There are 4 protein chains.
Amino acid sequence: MPGSTLGEALRVTNFGESHGPAIGCVIDGCPPGMALTEADIQPDLDRRRPGTSRHVTQRQEADHVEILSGVFEGRTTGTPIALLIRNTDQRSKDYANLLDTFRPGHADYTYWRKYGHRDPRGGGRSSARLTAPTVAAGAVARKWLRETHGTGIVGWMSALGEIEIPFEGTEHIAHNAFFAPNATLIPRLEEHMDALRRAGDSCGARIEVRATNVPVGLGEPLYDKLDADIAYAMMGINAVKGVEIGDGFGVVAQRGSVHGDELMPDGFASNHAGGVLGGISTGQDLVVRLALKPTSSIRIAKASIDREGRPTTLETLGRHDPCVGIRAAPIAEALLALLLMDHALRHRAQCADVRLPLPPIPGHRAGG
Amino acid sequence: MPGSTLGEALRVTNFGESHGPAIGCVIDGCPPGMALTEADIQPDLDRRRPGTSRHVTQRQEADHVEILSGVFEGRTTGTPIALLIRNTDQRSKDYANLLDTFRPGHADYTYWRKYGHRDPRGGGRSSARLTAPTVAAGAVARKWLRETHGTGIVGWMSALGEIEIPFEGTEHIAHNAFFAPNATLIPRLEEHMDALRRAGDSCGARIEVRATNVPVGLGEPLYDKLDADIAYAMMGINAVKGVEIGDGFGVVAQRGSVHGDELMPDGFASNHAGGVLGGISTGQDLVVRLALKPTSSIRIAKASIDREGRPTTLETLGRHDPCVGIRAAPIAEALLALLLMDHALRHRAQCADVRLPLPPIPGHRAGG
Amino acid sequence: MPGSTLGEALRVTNFGESHGPAIGCVIDGCPPGMALTEADIQPDLDRRRPGTSRHVTQRQEADHVEILSGVFEGRTTGTPIALLIRNTDQRSKDYANLLDTFRPGHADYTYWRKYGHRDPRGGGRSSARLTAPTVAAGAVARKWLRETHGTGIVGWMSALGEIEIPFEGTEHIAHNAFFAPNATLIPRLEEHMDALRRAGDSCGARIEVRATNVPVGLGEPLYDKLDADIAYAMMGINAVKGVEIGDGFGVVAQRGSVHGDELMPDGFASNHAGGVLGGISTGQDLVVRLALKPTSSIRIAKASIDREGRPTTLETLGRHDPCVGIRAAPIAEALLALLLMDHALRHRAQCADVRLPLPPIPGHRAGG
Amino acid sequence: MPGSTLGEALRVTNFGESHGPAIGCVIDGCPPGMALTEADIQPDLDRRRPGTSRHVTQRQEADHVEILSGVFEGRTTGTPIALLIRNTDQRSKDYANLLDTFRPGHADYTYWRKYGHRDPRGGGRSSARLTAPTVAAGAVARKWLRETHGTGIVGWMSALGEIEIPFEGTEHIAHNAFFAPNATLIPRLEEHMDALRRAGDSCGARIEVRATNVPVGLGEPLYDKLDADIAYAMMGINAVKGVEIGDGFGVVAQRGSVHGDELMPDGFASNHAGGVLGGISTGQDLVVRLALKPTSSIRIAKASIDREGRPTTLETLGRHDPCVGIRAAPIAEALLALLLMDHALRHRAQCADVRLPLPPIPGHRAGG
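All values reported here derive from a predicted model rather than from experimental measurement.

(A) Region of the structure containing the overall build of chain A. For chain A, the count of helices and strands is seven helices and 18 strands. For 368 residues, the compact-globule estimate of 2.2 N^0.38 gives 21 Å, and the C-alpha radius of gyration of chain A, at 21 Å, lies within 12% of that figure. Contacts spanning at least 24 positions in sequence make up 71% of the contacts within chain A whose residues lie at least 6 apart. For chain A, the accessible surface area stands at approximately 10700 Å², while carbon and sulfur atoms represent 51% of it.

(B) Looking closely at the interface of chain B and chain A. Facing the 120 residues of chain B at the interface are 120 residues of chain A. Taken as a group, Met-1, Lys-114 and Tyr-223 of chain B account for 10% of the area that chain B buries against chain A, more than any other trio of residues on that side. One can count four salt bridges joining chain B with chain A. Across the chain B-chain A interface, the total number found is 49 residue pairs in polar contact (both at pLDDT 80 or more). When its residues are assigned to classes, the side of chain B that touches chain A shows 60 nonpolar, 35 polar and 25 charged. Examined bridge by bridge, strand β11 (residues 240–245) of chain A and strand β11 (residues 240–245) of chain B share three bridges and lie antiparallel to one another.

(C) Structural context of the environment of Val-71 of chain B. All names here are of chain B. Relative to the elements of secondary structure, Val-71 occurs in strand β5 (residues 71–72). Given a relative accessible area of 19%, Val-71 falls into the buried group. Val-71 sits 276 residues away from His-347 along the chain, and the two C-alpha atoms are 25 Å apart. Excluding residues within four positions of it along the chain, Val-71 makes contact with Leu-36, Thr-76 and Thr-77.

(D) Structural view of the pattern of salt bridges. A complete count under the given rule lists 97 salt bridges over all chains for this structure. Salt-bridge contacts for Glu-162 of chain B lead to Arg-255 of chain A; the nearest nitrogen and oxygen are separated by 3.1 Å. With Glu-162 of chain B in the loop between β8 (152–160) and β9 (163–164) and Arg-255 of chain A in the loop between β11 and α6 (256–259), this residue pair bridges two chains. Taking the shortest distance from any N to any O, the salt bridge between Arg-327 of chain C and Asp-321 of chain C comes out at 2.7 Å. Given a relative accessible area of 10%, Arg-327 of chain C falls into the buried group. Connected via shared salt-bridge partners are Asp-44, Arg-47, Arg-142 and Glu-333 of chain A.

(E) Fine view of the interface of chain D and chain B. Each partner contributes to the interface: chain D provides 17 residues, whereas chain B provides 17 residues. Together, the buried faces of chain D and chain B total about 1300 Å²; carbon and sulfur atoms form 48% of this surface. The interface formed by chain D and chain B contains four salt bridges. A salt bridge links Glu-8 of chain B to Arg-11 of chain D; its shortest N-O distance comes to 2.9 Å. In this structure, the connection of chain D to chain B is made through 13 residue pairs in polar contact (both at pLDDT 80 or more). Looking at which element gives the most residues to the side of chain D that touches chain B, the answer is helix α7 (residues 328–351) of chain D, with five residues. Here the side of chain D that touches chain B is built from residues that sort into 10 nonpolar, three polar and four charged.

(F) Geometry of the state of the cysteines. Across all of its chains, the model carries zero disulfides over all chains by this definition. Free cysteine Cys-30 of chain B: the closest other cysteine sulfur is in Cys-351 of chain D, separated by 10 Å. For Cys-30 of chain B, a relative accessible area of 1% translates into the label buried. Not part of a disulfide, Cys-203 of chain C finds its nearest cysteine sulfur in Cys-323 of chain C, a span of 4.2 Å.

(G) Quick peek at the side chain of Glu-17 of chain B. Here Glu-17 of chain B lies in the loop between β2 (11–16) and β3 (22–28). Owing to a relative accessible area of 2%, Glu-17 of chain B belongs among the buried residues under this scheme. A polar contact of 2.8 Å, which involves the side chain of Glu-17 of chain B, links it to the side chain of Thr-79 of chain C.

(H) Structural view of the packing of aromatic side chains. Scanning all chains against the criterion turns up 25 aromatic pairs over all chains. Seen from their ring centres, Tyr-111 of chain B and Tyr-115 of chain B are 5.7 Å apart, and the 55 degrees between their planes marks the pair as tilted. In this pair, Tyr-111 of chain B and Tyr-115 of chain B both sit in helix α2 (residues 108–115), four residues apart, roughly one turn of the helix. Grouping residues by exposure puts Tyr-111 of chain B and Tyr-115 of chain B together as buried. Here the aromatic rings of Tyr-232 of chain C and Tyr-232 of chain D are separated by 6.5 Å at their centres, their planes lie at 80 degrees, and the arrangement is edge-to-face. Taken together, the residues Tyr-232 of chain C in helix α5 (residues 226–235) and Tyr-232 of chain D in helix α5 (residues 226–235) connect one chain to another. An identical accessibility class is assigned to Tyr-232 of chain C and Tyr-232 of chain D; each is buried. Site record: aromatic cluster; members linked through ring pairs are Phe-102, Tyr-109 and Trp-112 of chain A together with Phe-268 of chain B. Seen from the ring of Tyr-115 of chain B, Lys-114 of chain B lies directly overhead, with NZ or CZ sitting 5.8 Å from the centre.

(I) Spatial organisation of the sheet that holds strand β7 (residues 81–86) of chain A. Residue and element names in this part refer to chain A. Spatially, five strands are ordered β1-β2-β3-β7-β4 in an open sheet, and the strand pairing comes out antiparallel. Every interior strand has two partners, whereas the edge strands, β1 (5–6) and β4 (65–67), have only one. Both strand β3 (residues 22–28) and β7 contribute to a ladder of six bridges, which runs antiparallel. Counted as the bridge partner of Gly-24 is Leu-84 from β7.

(J) Seen up close, the relation of the copies chain B and chain A. Superposing chain B onto chain A takes a rotation of 180 degrees combined with a translation of 0.0 Å along the rotation axis, leaving an RMSD of 0.0 Å. Overall, the copies show the geometry of a two-fold rotation axis. Relative to the rotation axis, the C-alpha of Tyr-232 of chain B is the closest in chain B, positioned 2.2 Å from it. Looking at the interface residues of chain B, 100% of them are also at the interface in chain A, so both copies use one shared face.

(K) Molecular detail of the side chain of Thr-131 of chain A. Residues and elements named next belong to chain A. Its place among the elements puts Thr-131 in helix α3 (residues 131–149). In this structure the side chain of Thr-131 is engaged in a polar contact, spanning 3.1 Å, whose partner is the side chain of Arg-48. Aside from chain neighbours lying at most four places away, what touches Thr-131 is Arg-48, Asn-238 and Ile-331.

(L) Geometry of the relation of the copies chain D and chain B. You can overlay chain D on chain B at an RMSD of 0.0 Å; the transform is a turn of 180 degrees with a shift of 0.0 Å along its axis. When the interface residues of chain D are mapped onto chain B, 100% of them are again interface residues, pointing to one common binding face.

(M) Representation of the pairing of strand β10 (residues 205–212) of chain C. All names here are of chain C. Of all eight residues in β10, six are buried; the element is thus mostly enclosed. Across eight bridges, the pairing between strand β8 (residues 152–160) and β10 is antiparallel. Directly across from Val-154, in β10, lies its bridge partner Arg-210. As defined by bridge partners, β10 adjoins strand β16 (residues 286–292) across seven bridges and the pair is classed as antiparallel. Looking at β16, one finds that Arg-206 is bridged to Ala-291.

(N) Structural detail: α5 of chain C. Most of α5 of chain C sits out of view: 10 of its 10 residues are buried. Taken residue by residue, α5 of chain C has Leu-226, Asp-227, Ala-228, Asp-229, Ile-230, Ala-231, Tyr-232, Ala-233, Met-234 and Met-235 of chain C as its buried positions.

(O) Structural context of α2 of chain B. Judged by how many residues are buried, α2 of chain B sits mostly within the fold: eight of eight residues are covered. For α2 of chain B, the secondary structure elements touched by its buried residues are β12 (263–264), β13 (267–268), β14 (276–277), β15 (280–281) and α7 (328–351) of chain A. Immediately beyond the C-terminal end of α2 of chain B, within one or two residues, lies Gly-116 of chain B, with a positive phi of roughly 80 degrees.

Conventions adopted
Residues numbered from 1 in each chain as written. Chains lettered and ligands numbered in written order. Predicted model: local features only at pLDDT ≥ 70, side-chain atom pairs only at ≥ 80, totals over all residues. Heavy atoms only, no water. Helix = DSSP H or I, 4+ residues; strand = E, 2+ residues; numbered from the N terminus. Rg over C-alpha atoms; globule rule 2.2 N^0.38 Å. Contact = heavy atoms within 4.5 Å. Areas by Shrake-Rupley, 256 points an atom, 1.4 Å probe, with all protein chains shown as cover. Buried area = accessible area lost by both parts, 1.4 Å probe. Salt bridge = Lys/Arg side-chain N within 4 Å of Asp/Glu carboxyl O. Polar contact = N/O pair within 3.5 Å; in protein donor to acceptor, adjacent residues only side chain to side chain. Nonpolar A, V, L, I, M, F, W, Y, C, P; charged D, E, K, R; others polar. Pairing = 2+ DSSP bridges. Buried < 20%, exposed > 50% of the residue type's maximum accessible area, 1.4 Å probe, protein only. Disulfide = S-S within 2.5 Å. Phe/Tyr/Trp six-rings, centres within 6.5 Å; stacked < 30°, edge-to-face > 60°. Lys NZ or Arg CZ within 6 Å of the ring centre and 35° of its normal. Least-squares fit on C-alpha atoms with pLDDT ≥ 70 in both.

Pasting the structure below:
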């Protein structure tokens, strides 16, 4: 009933606040026998980490992960894997002036109304910092998927504010501060961000995530469809306001004669569906897009009220990302990995004995 | 782990196939003492029912609901409410020719790969008919929300294929076959559908759903955020490929100085957020949009394969909706009602004792 | 959160009241492809059915089960299996006089305090009749266990009131009204029951259930241990007040030098543990015992109060079992089957890939 | 599906191994606003701690608890409360010789068969040490129950091996090493334990736990009955082989005319039921008893096999409790507290609005 646990067969329970002593998670249900050390997890945390370029928050967090349990002599044991990340940069004095007001576009007001109190320390639990344990857990799922199914997951930025970022190749993603799959547009993106920072404003972004070599047959109709769970996970990322799968909102103006992906002896002829039919994976690439709103913490003053309802204005100083979308790709990748692993385990609980009356069609990759 | 149950504090377990003996659901967790009869449920089923205009499938189903349990002398008892809908129009012979091929854009292929068999009877469990039990359950949730919180939920079509439908007023919705909130555009929509039907093709649609008088404080951070659960529920509706909340994909090109909704002594100044901040309801209207793909069952032939992987072509006869979006508004309403009731019950499990240190701000509606 | 669903990977959702229109359940998660018809379920229902001897309630219920979904052409499809049992003998007028008082030893009082109302129709949801859907679901699990693992489950009465029933052999169980594994003691049991009925009183009983050919490795440490889940299921049967596994309460006075079952090259040397170590099945027989209290509905008058707290006396007429334990063996068997199947599916979700570094020890049966 | 999470509305997720870096838990769902510091938790941990007398294991563990999250300025915030206990006495070399054999009566064999590996470090996850996080979480629940409902929970030893311990008063419990509610029998218990230790053997025990001022109406029929959940929790404690509620196995030989507790204007006349009717609390004291087996780790040699199935003998050195029952009372208390709090929150999710048509009967305590 409380909501800090994700998944069914693979369960991740998240804890912590941005300026408390530590954040972390407990991963339950990971199969035993998989090689795992902190070195498998740290790189994904480093990709999400703040302070890596001038375009993201200058908060300095090592985000050093410690495995507390569930691994013995370098292999998972099948028992819960607890991951701990100590908070090291807790300058909560930055936030002292926020105690009595509500930042527009922030969760301050809703937390206060739900729980009856304010935790002014950098947003407390609503901070984007709490995506770090999810990213750490996602690294475990990503490793399992790769080793058992060859599944790969990669995310990138496809629009920064009003600038569309053409896809040139995934090899570019690691070589710029924006997770852009593009080598030529980077100076323009940097200029855009610098101007924004000077203006004290922020902008939105669009992220795309793809999974390849996805096992066929993952997803539980009727309610826990694979696409439904993807939408749940992506919309739950801080600042996300929209999620699309396959052709997404483009389907509204499509015709059925165009949309339905034809089956050929050597596979599907197209992928308008984005890898899911009837809530179950087809074996094609999963194609997911998400829209992230502009950061609400900006230097430009906005009207607000205090806790007694009196009008005030607020400009947020502190250290903030002018575009939260910039660091969102690793988060979306992690969630997609966790979901796919969860569904792969769920699938084999029920369907491990399924033998097709005929062998899978040549060219149609075997799954599950 | 299996996926046929929706919700946590209010749980709906769905069963049935489109051409089996019956479909239905079991609702567990409804508070006791609420007046309830079949007459409270039937109208919502009738709104979703096929065969009501020439623009939807001509299948004739009474969709007559029977309450099997959980109600005594016209009031809920607190025990599970089982709802039964007998299938009456089971012309499965229409589907006999589909046994050995996979309809493009349909779940035939993925069900076969997941479960190892084909149920050719109108799609079996993947049929849109299985939204009927959800709609029936939603009627119960909707009644509880209205009576306890004054919450109202209404959905409408905002685009039919490439035709945008301007919002004129909710009072028009019940007076046309399209759930259009518009009185003047109906002839054009009818022409559009008639042309489509003559062409044997289908089109997509966009639906908008809104909830008013939403209690403040609903939603469980970190993972079970209210918006995450809305995205899950909406993406799980047959044919949905995209979900937006508030400004949705429009946020990508927005500035933070525009997006963040300012708080005023008498309420919020705008609703870019669509009623959710940090995954928790603000008390403003919930604003949700979904994109539905064009029906895959069309008369125009498409390439496919049979179960041995040999190429074939397929044109779907049978009785199908040329635009599944037309009947989607009541389904989206039902799911939003179920989610809000679930979260209202979850909220009071943890937070029933919360007393704000100060009374809620005048003009900011009390919630939860 | 509401409690009408049992299990995790195999989920049974129970609905209905003893004198409403119908009772039943929805089984979700059953693997596809298993042969299943009503004829596989009805015999277990018939074993539990009332009215089969003069020693149980004379209520006449056909307990005819109908499969509403999840089976196509005689095989499970992997989608939810809904089972419906119509109530046919609803003489609720028998209970009209109970509306304003609380029967001692019954759930009348607690339901009233929990839900704020009385359902006087034979106990409504608290009736032992609601074990029928569990028994029906158990028949499905029992079939799956037998076919996939060779697991057998059998229960019997080991004490009727103060009479101990020596175990002579399971072949006797089906040949007497008491589920007694004994051929010689039956006349004495019959006399005991006849005397009790004449006195208008009731008595307790002890039931033993055993499972053979149990897969090794079932059970989830830390909390969802196999023995913990067995205790949960058995204590949840109406009237049960105690549960033992293996040597049960006998371990209090044992020494460790006696209790610990030694391992031999050809298997365990003894079974004090009752088939579970550390919450995980050992592959030995599961040995479970339960104590059932005497029926509270007796003809002998007892003191009670009415809903306004005024003293009254109550003697229960109606049709009741003078020993609810008599019909308990099929119920305990069904629950043990459901639990074992649930844990077998859960086990393979996480551990399907486990390969022992050495083959299982000869003589130690392979499991899971 | 994995089993390391306990509860529904109040969820405790447990992690760690006895000789890994740390053990702990995450408590999700605790209402906000409750005063809480480590000082509220440490005393319960200290009661369970090893090394406190010569009658328990001499392992020295500080069991120092650290609150990592969920508390701000001394009050719960409503977000997950993570508790961390570092392991400080990890002499795993003691266990090096166990790597290749299976200790009789231990989980070594079943873990190996389930997960495919051995964790010889003091039992790893199957160690009784893993009850420490449960005890810590229980302290939080106990505090909430006491402050919101006045509920008290106390456990004691009622039999040590074959020695029955007469109940003289709960005030004695804290003044001896056995949790015995008795002042006069202590020397005899000490002699018993000393003789056992000299013999290198171990013995069983029986524990009784009671809760007072229990709210009326807790428990979810049909499956998640309060007594079913109690049996689950108690049977899940290491070494427990039997659970009784109220008259327990004594009901087998009882008559209904004796068992059914009569209701009087000022309350129940007796408590054979042990505080539960129909799976729902009556408001009377909850009365629970559990049987714990003798420790399997003894110095007396027993036959066993190695991982290749060859016969061997085994005597356990290391540091072990000769009677695990001695430290069981605080564990049973903690689990009862967690269960009652979970059910209190679940109850108000569904039934917060219940108003009895008449006020509760005078003398019958108000609940929920």
